[in-house]
Amino acid sequence: MVTLTRVILPSLLLLLLLLLLAPPLYHHLTLHFNTPSNSDYKTKLAGKRVLLCGIGYEVGEQLAYQLATHGAKLAIFYRADGRQKTLLNLQKTFELTDDVIQIIQPLMVARTDTKAMEIKETAVKLGSPQTEIHPFNFGNTSTAHMVVDTAVSLLGGLDYVILNHADIPRGLFLHSLKLQNQDFLHRTFSVNVYSYIEIALRALPHLEKTSGHMFVSSSVLGEVPEPGLSVFSSTKHALTGFFTSLQLELQKRRSSVGLTVGRLGVMKSTELRALLDVPEFLMGDIVECAVGIMNSIVKRQRSFVYPVVHTHFAGLLWAI
């Protein structure tokens, strides 16, 4: 009995810990020590035409800067539909009159467009030979194809497509009539899922011509649920399911198009930080995440996980 408690059980616990730590440590070491050199990035990215959707949650912004540094041409589409949603929330919360909303609206539009222009100017300074920016309503899936058509028209084709835009509704589902509203649910799924599918399908023929690659930003919440983020989590479950299945279809038809599905967790300076109870040492760094995404695109990986330790352990704890 003494041998069991003092020797065997500690040994088994140590073995279990090593098994749990092995995957995240492997991915962490791969991210840091198996990263292409600057010359490799230049070869893969210089002059390449990149469609980037979504710069509102900082990862997209930093990704634009990383791509620009290595000479990529960028067509950036950012969410215009989020402004109207914010206005409606303000009007409801503070009981603002229509006259006040008419005053606020142009100020919000100007602020969003100014930030997008700043990103464009920074990208050009960092080395991008061409950077185009456009606001777009990703909630309107009937016009989602226009994102690809516009990017192809501006850049002359596509080598990479990065889908990173998102709407993050919050609140306990059973306590919120707004979250339960069918129109609201449809609009959220349109931004977070349907527009991704429409843009991906429209882009595939162009990527086939260039043996291009696509990156899709999903989330750890696409595998692990979280109270207060049920709607967002459900859209990410759908996104992960669809695009991992699409990977298999592309493989089956021997397509030259690569596809990476990213599982992103909590970053130190993003909106999700305030919504999830995660220790800071488990949070990721925005710039490191952007470099990792760029690395996964260049290496044509099937998946990208970041931050590694938090994302893996969140899944393990939920499974247990």
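Structure report, in brief. (Residues numbered from 1 in each chain as written. Predicted model: local features only at pLDDT ≥ 70, side-chain atom pairs only at ≥ 80, totals over all residues. Heavy atoms only, no water.)

Things to note about the sheet that holds strand β7 (residues 303–306)
Strands in a sheet are paired, the pairing made by backbone hydrogen bonds, and the direction either parallel or antiparallel. An order of β3-β2-β1-β4-β5-β6-β7 is seen for the seven strands of this open sheet, with the pairing classed as parallel. Here the strands that pair on one side only, and so sit at the sheet edges, are β3 (131–136) and β7. Along the sheet, successive strands turn relative to each other by an average axial angle of 15°, direction set aside. Direction of pairing for strand β1 (residues 49–53) relative to strand β4 (residues 160–163): parallel, over a ladder of four bridges. From the neighbouring strand, Cys 53 faces β4, where its bridge partner is Leu 163. (Pairing = 2+ DSSP bridges. Helix = DSSP H or I, 4+ residues; strand = E, 2+ residues; numbered from the N terminus. Axes fitted to C-alpha atoms, helices over the stretch in contact; angles between N-to-C directions.)

Details of the packing of aromatic side chains
The final tally for this structure, using the stated rule, is six aromatic pairs. Ring geometry for Phe 136 against Phe 138: centres 5.2 Å apart, planes inclined by 65°, an arrangement best described as edge-to-face. In this structure, Phe 136 and Phe 138 share a single accessibility class: buried. Taken together, a centroid distance of 6.3 Å and an interplanar angle of 5° make the contact between Phe 304 and Tyr 306 stacked. In this pair, the class of Phe 304 matches that of Tyr 306, namely buried. Put simply, the rings of Phe 77, Phe 136 and Phe 138 touch in pairs and so form one group of aromatic residues. (Phe/Tyr/Trp six-rings, centres within 6.5 Å; stacked < 30°, edge-to-face > 60°. Buried < 20%, exposed > 50% of the residue type's maximum accessible area, 1.4 Å probe, protein only.)

Focus: the packing of helix α6 (residues 145–155) against helix α8 (residues 182–210)
Taken N-terminus to C-terminus, the directions of α6 and α8 make an angle of 30°; their axes are 7 Å apart at the nearest point. As for the relative orientation of α6 and α8, their crossing is right-handed in sense. Contacts from His 145, Val 147, Val 148, Asp 149 and Val 152 of α6 reach α8 at Ile 199, Arg 202, Ala 203 and His 206. (Left-handed = near helix turned anticlockwise from the far one by under 90°. Contact = heavy atoms within 4.5 Å.)

Considerations on the nonpolar core
The biggest cluster of nonpolar side chains holds 33 residues, and the ones touching the most others in it are Leu 63, Leu 67, Leu 74, Ile 76, Ile 162, Cys 289 and Ile 293. Put simply, the parts of the chain that give this core at least two residues each are α2 (38–45), β1, α3 (59–69), β2 (73–79), α5 (98–126), β4, α10 (286–298) and β7. No other element matches the seven residues that α10 contributes to this core. Leaving out residues up to four positions away in the same chain, Ile 293 has contacts with Val 59, Leu 63, Phe 215, Leu 264 and Phe 304. Within the second largest apolar cluster, 31 residues are counted, among which are Val 148, Leu 163, Met 214 and Leu 246. (Core = buried A, V, L, I, M, F, W, Y, C linked by side-chain atoms within 4.5 Å.)

It is worth stressing that arrangement in space is one thing and function is another; only the former is reported here.
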